[in-house]
Amino acid sequence: MNYRKEGGNINANNNCSLAEGFSLWEKIYAQFSFIAMGVLGTIGIIIEDWIWVFPYIFIYWYGVPGIIMRHLVCPRCPHLYEYGDCLQAPPIITKWLIKKRKTNPLSVFEKFLFYLIFIIIPTYPIYWLLLNKLLLIAFLISAVMWYSGQFLYFCKRCRVYDCPFNRVTLIYLSL
């Protein structure tokens, strides 16, 4: 069944285990691991050389809500528009951030920004965290938790077909 040919109806394919929305546990897991990664990275940089925290703050604390959520992935997510649900807790924040729903695929520049943000977030603070082993271990655990949760769980069930992390597009579009 081709999801796009079904007019974007999220119920068009019963194989999607997230079609009914996200559980509280899924939201807590995704948010806790992602926020922990950002907070630990920020703290680690501030402790060692606070001046270098500004680029990280921009990428993490603006890049995710201001670029990823507002312009790239969330405006294309049918969970938000068809179920009023979102992996972000609470979904009303995401609805407030997004000004207009998008149905067009990500441009090359948008994909570049997407990858840039999600590569910098877990790599930028490591230099400063190397000096504090406890923070480094906690940061790496939270990063592994978030990225493995995305790639091994959420991205395999995602309905945002244009997201570069999506892992089900070929499965659903080829049926």
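Structure: above.
Read on for an overview of the structure. Since the model is a prediction, treat every value here as computed from it, not as a measurement. Every chain is numbered on its own, with residues counted from 1 as its sequence reads. Given that the model is predicted, a residue must reach a pLDDT of at least 70 before its local features are reported, and side-chain atom pairs must reach 80 or more before they are shown or counted; all residues, however, enter totals for whole chains, interfaces and linings. Hydrogens and waters are ignored; side-chain quantities use all the structure's heavy atoms.

**Here we look at the overall build of the protein**
- A count of helical and extended segments in the protein gives 8 helices and 0 strands.
- Only DSSP runs of H or I covering at least 4 residues are called helices, and only runs of E covering at least 2 are called strands; the numbering of each starts at the N terminus. Listing the helices and strands of the protein from first to last along the sequence gives α-α-α-α-α-α-α-α.
- The buried share of the protein, reckoned over its 175 residues, is 49%.
- Any two residues whose heavy atoms approach within 4.5 Å are treated as being in contact. Pairs at least 24 residues apart make up 70% of the contacts formed inside the protein by residues separated by at least 6 positions.
- Carbon and sulfur atoms make up 70% of the accessible area of the protein, which totals about 9,600 Å². Partly exposed describes any residue whose relative accessible area lies between the buried limit of under 20% and the exposed limit of over 50%, with all areas from a 1.4 Å probe on protein chains only and scaled to the type maximum. Method for areas: the Shrake-Rupley scheme with a 1.4 Å probe, in which residue coverage is limited to the protein chains shown.

**Looking at the nonpolar core**
- Core analysis: the biggest nonpolar cluster contains 39 residues, and Phe-34, Met-37, Leu-72, Phe-114, Phe-118 and Ile-121 have the highest contact counts within it.
- Where this core is concerned, the elements lending two or more residues are α1 (24–49), α2 (53–72), α5 (108–123), α6 (126–129) and α7 (133–154).
- Each residue touching Leu-72, except ones within four places of it in the same chain, is listed here: Ile-67, Leu-106, Glu-110, Leu-113 and Phe-114. Among buried residues, those of type Ala, Val, Leu, Ile, Met, Phe, Trp, Tyr and Cys that are joined through side-chain atoms within 4.5 Å constitute a nonpolar core.

**A few points about the packing of aromatic side chains**
- Geometry of aromatic contacts follows a simple scheme: Phe, Tyr and Trp rings, the Trp one being its six-membered ring, pair when their centres are within 6.5 Å, and the pair is stacked under 30 degrees between planes, edge-to-face over 60, tilted otherwise. Per the stated rule, a full pass over the model turns up 16 aromatic pairs.
- Here Phe-34 and Trp-146 contribute two aromatic rings whose centre-to-centre distance is 4.8 Å and whose plane-to-plane angle is 50°, an arrangement assigned as tilted. Here the residue Phe-34 occupies a position in helix α1, and Trp-146 occupies one in helix α7, the gap between them amounting to 112 residues.
- Residue classification places Phe-34 among the buried residues on the basis of a relative accessible area of 8%.
- Seen in terms of ring centroids, Phe-114 and Tyr-115 are 5.8 Å apart; in terms of plane orientation they differ by 85°. Their pairing is edge-to-face.

**Focus on the side chain of Ser-33**
- Counting through the fold element by element, Ser-33 comes out in helix α1.
- Relative accessible area serves as the criterion here: at 0%, Ser-33 is assigned to the buried category.
- Side-chain atoms alone can form a polar contact between residues adjacent in sequence; in general such a contact is a pair of N or O atoms within 3.5 Å, and within protein one must be able to donate a hydrogen while the other accepts it. In terms of polar contacts, Ser-33 uses its side chain to reach the backbone carbonyl oxygen of Ala-30, at 3.3 Å.
- Setting aside chain neighbours within four positions, we find Ser-33 in contact with Ile-28, Ser-142, Met-145 and Trp-146.

**Considering the pattern of salt bridges**
- Only one rule defines a salt bridge in this text: a Lys or Arg side-chain nitrogen within 4 Å of an Asp or Glu carboxyl oxygen. Taken as a whole, this structure holds 2 salt bridges when the rule is applied.
- Note that Arg-76 and Glu-110 form a salt bridge whose closest N and O atoms lie 3.5 Å from each other. Taken together, the residues Arg-76 in the loop between α2 and α3 (78–83) and Glu-110 in helix α5 connect sequence positions 34 residues apart.
- Taking the relative accessible area as the measure of exposure, Arg-76 reaches 7% and is therefore buried.

**Topic: the state of the cysteines**
- In this description, the term disulfide denotes a pair of cysteine sulfurs within 2.5 Å. Using the criterion set out here, one finds 0 disulfides in the structure.
- Between Cys-86, a cysteine without a disulfide, and Cys-74, which holds the nearest cysteine sulfur, the sulfur-to-sulfur distance is 5.3 Å.
- Residue Cys-86 is classed as buried on the basis of its relative accessible area, which comes to 7%.

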